[in-house]
Amino acid sequence: VQLVESGGGLVEPGRSLRLSCVASGFRFAEYALSWVRQAPGKEREFVAAISQLPGNTLYADSVKGRFTISRDNAKNTVYLQMNSLKPEDTAVYYCASKIITNIATMRNTEGYDYWGQGTQVTVSS
């Protein structure tokens, strides 16, 4: 089982980045997916989730209206489009997956089945 993130980097405040996470080794379409981030010295923070059906999404209040999560089941890939980035968005971003019946449970960063290795996002001028 693998989740491999990419697309991180150093950007100026107000700019955009698109993260990707490619999955293999499990039935991707059966799993809900999340993006979770962790800044230095802080706990992991839920960012966004998408259910097995692409139309159902959930966002943290801190990113609502700026970030968009999407998935392509044909490519076993989940994306996070991040616009209007702020310095406080600086963190390592992880994708994670689990089987759910209620997308609200994705806010709990414990209990995910699979995790990626993370990609660093730094927002700084």
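Everything below is about the structure shown above.
Numbering of residues starts from 1 in every chain and runs along the sequence as written. Whole-chain, interface and lining totals are the exception, using all residues; otherwise, since this is a predicted model, local features are given only for residues with pLDDT of at least 70 and side-chain atom pairs are given and counted only at 80 or more. Each side-chain value is derived from all of the structure's non-hydrogen atoms; neither hydrogens nor water enter the calculation.

**Overview of the side chain of Gln52**
A run of DSSP states H or I qualifies as a helix once it reaches four residues; a run of E qualifies as a strand once it reaches two. Both are numbered from the N-terminal end. Take Gln52: it is sitting in the loop between strand S5 (45–50) and strand S6 (57–59). Residue class for Gln52 comes out buried when judged on its relative accessible area of 19%. Pairs of N or O atoms within 3.5 Å make up the polar contacts considered here, provided that, within protein, one atom can donate a hydrogen while the other can accept it, and that residues adjacent in sequence are counted only when both atoms are side-chain atoms. At 3.2 Å, the side chain of Gln52 forms a polar contact with the backbone oxygen of Glu30. Separated by 3.3 Å, the side chain of Gln52 and the backbone oxygen of Ile100 make a polar contact. Classification of residues uses two cut-offs on accessible area relative to the type maximum, computed with a 1.4 Å probe and protein chains only: under 20% is buried, over 50% is exposed, and between them is partly exposed.

**Observations regarding the environment of Leu53**
Among the secondary structure elements, Leu53 is positioned in the loop between S5 and S6. Each C-alpha atom, one on Leu53 and one on Glu30, is 8.9 Å from the other, the two residues being 23 residues apart in sequence.

**Details of unusual backbone geometry**
Across the chain, the bulk of peptide bonds are trans and the bulk of non-glycine residues have phi less than zero. Residues other than glycine seldom take positive phi values, yet Asn76 does so here, at roughly 50°. Its place among the elements puts Asn76 in the loop between strand S7 (67–72) and strand S8 (77–82). The residue Ser84 is not glycine, and still its phi comes out positive at about 50°. Following the sequence through the fold, Ser84 ends up in the loop between S8 and strand S9 (91–98). You can call Ser84 partly exposed: its relative accessible area is 40%.

**With respect to the packing of aromatic side chains**
Side-chain rings of Phe, Tyr and Trp (the six-membered ring for Trp) are treated as a pair once their centres are within 6.5 Å; stacked means planes under 30 degrees apart, edge-to-face means over 60, and tilted covers the remaining angles. For the coordinates displayed, the defined rule picks out 6 aromatic pairs. An angle of 70° between the planes, with centres 4.9 Å apart, marks the rings of Phe26 and Tyr31 as edge-to-face. Considered together, Phe26 and Tyr31 belong to a single accessibility category, that of buried residues. Seen from their ring centres, Tyr112 and Trp115 are 5.3 Å apart, and the 70° between their planes marks the pair as edge-to-face. Its relative accessible area of 29% is what places Trp115 among the partly exposed residues.

**Looking at the layout of surface pockets**
The definitions used throughout rest on a 1 Å grid laid over the protein atoms alone, on which a cavity is an enclosed set of points accommodating a 1.4 Å probe that cannot get out and a pocket is an open set flanked by protein within 12 Å on both sides along at least five of seven lines; lining residues are those having an atom within 4 Å of a point. Grid points are joined across faces, edges and corners, and a volume is the space filled by probe spheres set on the points. Quantified by volume, the largest pocket comes out at close to 180 Å³. Lining the largest pocket are 14 residues, with Arg37, Ala39, Lys42, Glu45 and Glu88 sitting closest to its centre. Polarity classes work like this: nonpolar for Ala, Val, Leu, Ile, Met, Phe, Trp, Tyr, Cys and Pro, charged for Asp, Glu, Lys and Arg, and polar for all others, with Gly in that last group. Across the lining of the largest pocket, the residue classes tally to 3 nonpolar, 3 polar and 8 charged.

**Side note on the sheet that holds S8**
Between any two strands, pairing holds if DSSP finds at least two bridges. Read from one edge to the other, the open sheet built from 4 strands follows the order S1-S3-S8-S7, with strand pairing classed as antiparallel. Across the chains shown, the open sheet's two edge strands, defined by having one partner strand only, are strand S1 (2–6) and S7. Averaged over all adjacent pairs, the angle separating strand axes in this sheet is 15°, with direction ignored. Judged from the 5 bridges that link them, S1 and strand S3 (residues 17–24) form a sheet pairing that is antiparallel. Within the sheet, the bridge partner assigned to Glu5 lies in S3 and is Cys21. Note on geometry: axes are C-alpha line fits, over the in-contact stretch for helices, and angles between N-to-C directions span 0 to 180 degrees.

**Considering the environment of Ala48**
Looking at the secondary structure, you find Ala48 in strand S5. What makes Ala48 buried here is its relative accessible area of 0%. For Ala48 and Val11, which are 37 residues apart along the polypeptide, the C-alpha to C-alpha distance reads 20 Å. Throughout, a contact is declared for two residues whenever any of their heavy atoms are within 4.5 Å. Filtering out sequence-adjacent residues up to four positions away, Ala48 remains in contact with Leu33, Ser34, Trp35, Leu58, Tyr59, Ile69 and Leu80.

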